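# Secondary and tertiary structure notes
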Amino acid sequence: MKQNYKMTLSYDGTRFYGWEHQPTTDMTIQGKMESVLSLMVQSEVEVIGCGRTDAGVHAKNMVCNAHFDTQLNTDEIRDYLNRYLPDDICVKEVRIASDRFHSRYNAIGKTYCYTCYIGDVKPVFNRKYVYVLDQKPDIQEMKKAAEYLIGTHDFASFCSNPRMKKSTVRKVDRIEIQKRGDLLTLTFHGSGFLQHMVRILTGTLLEVGFGKRTVESVLELIDAKDRKLAGFTAPAKGLCMMQVDY
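The structure reproduced in this document is the subject of the present report.

This next bit is on the layout of surface pockets. The calculated volume of the largest pocket comes to roughly 1000 Å³. Broken down by element, the lining of the largest pocket gets its largest block of residues, three residues, from helix 4 (residues 197-209). Of the residues that constitute the lining of the largest pocket, the class distribution is 14 nonpolar, 10 polar and eight charged. Of the pockets and cavities examined, the second largest pocket occupies roughly 270 Å³. Around the second largest pocket sit 16 residues that line it, and Lys60, Thr115, Tyr129, Cys240 and Met242 are the ones nearest its centre. Every element with two or more residues in the lining of the second largest pocket is listed here: strand 3 (58-68), strand 5 (109-117), strand 9 (183-190) and strand 10 (239-245).

Grouped together as the largest cluster of nonpolar side chains are 72 residues, with contacts concentrated most on Leu9, Met33, Leu37 and Phe158. A total of seven residues in this core trace back to one element, the largest contributor, which is helix 4. Once residues within four sequence positions are removed from consideration, Phe158 is found in contact with Leu149, Gln195, His196, Met197, Ile200, Leu201, Thr204, Leu221, Ile222 and Ala230.

Using the criterion set out here, one finds six aromatic pairs in the structure. Between Tyr131 and Phe232, the ring centres sit 6.3 Å apart and the planes meet at 65°, which makes this aromatic pair edge-to-face. Of the two residues, Tyr131 sits in strand 6 (residues 131-132) while Phe232 sits in the loop between helix 5 (217-224) and strand 10, which places them 101 residues apart along the sequence.

What counts, and at which threshold
Residues numbered from 1 in each chain as written. Predicted model: local features only at pLDDT ≥ 70, side-chain atom pairs only at ≥ 80, totals over all residues. Heavy atoms only, no water. 1 Å grid on protein atoms, 1.4 Å probe; cavity = no way out; pocket = protein on both sides within 12 Å on 5 of 7 lines; lining within 4 Å. Points joined across faces, edges and corners; volume = space filled by probe spheres on them. Helix = DSSP H or I, 4+ residues; strand = E, 2+ residues; numbered from the N terminus. Nonpolar A, V, L, I, M, F, W, Y, C, P; charged D, E, K, R; others polar. Core = buried A, V, L, I, M, F, W, Y, C linked by side-chain atoms within 4.5 Å. Buried < 20%, exposed > 50% of the residue type's maximum accessible area, 1.4 Å probe, protein only. Contact = heavy atoms within 4.5 Å. Phe/Tyr/Trp six-rings, centres within 6.5 Å; stacked < 30°, edge-to-face > 60°.

The values are spatial; any link to function lies outside them.
Next comes the structure, spelled out in structure tokens:
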């Protein structure tokens, strides 16, 4: 009998084309998960993700679920997956979920962290996971601008999909900007995020920090609902999905 399994993954997204299936490549996280699970149960398995991380984006606690029939217990499923998945994908936990559990529809919040490198010499060992800045931004100005983004707003200016048919209203309830040694981290928590939203928010806040736009301009961006007016899209490699709330 089929059961619904909830799985928590971590992955290095460097060489993958994001979470979701792509018609021209099998190098997606979803594709790799479905391939190994289908091999395990000798039947086609659909894996549902809690979101769609972009090409090059990483995850520490990505959640997905799938319905399938197996005699293996949850630890054995985890071990099988980790044996046959690429080394840059790890299944941290497998649990039996209720039949109606849906990793995307049941999620009530997500946390993303964007990491910039602001050291004086180039990073070698974490270069795949940070955005190296060529100047040091004014962190206090960035924090002031971030305050305007807290709350429920129409974030159309921070969405890269011009054909978005669904609502672009989202709730962002926390933005923390912290310097830790040579690293500058921007942590975002909200009910959900639009395509490239965290990376565009990061690029916009960095432009404030670099003095390329004013703190008050961020409020104007929310009212404008025009992607062309917002900041640049920060590179994918600095972004990591940290946590999903249920």
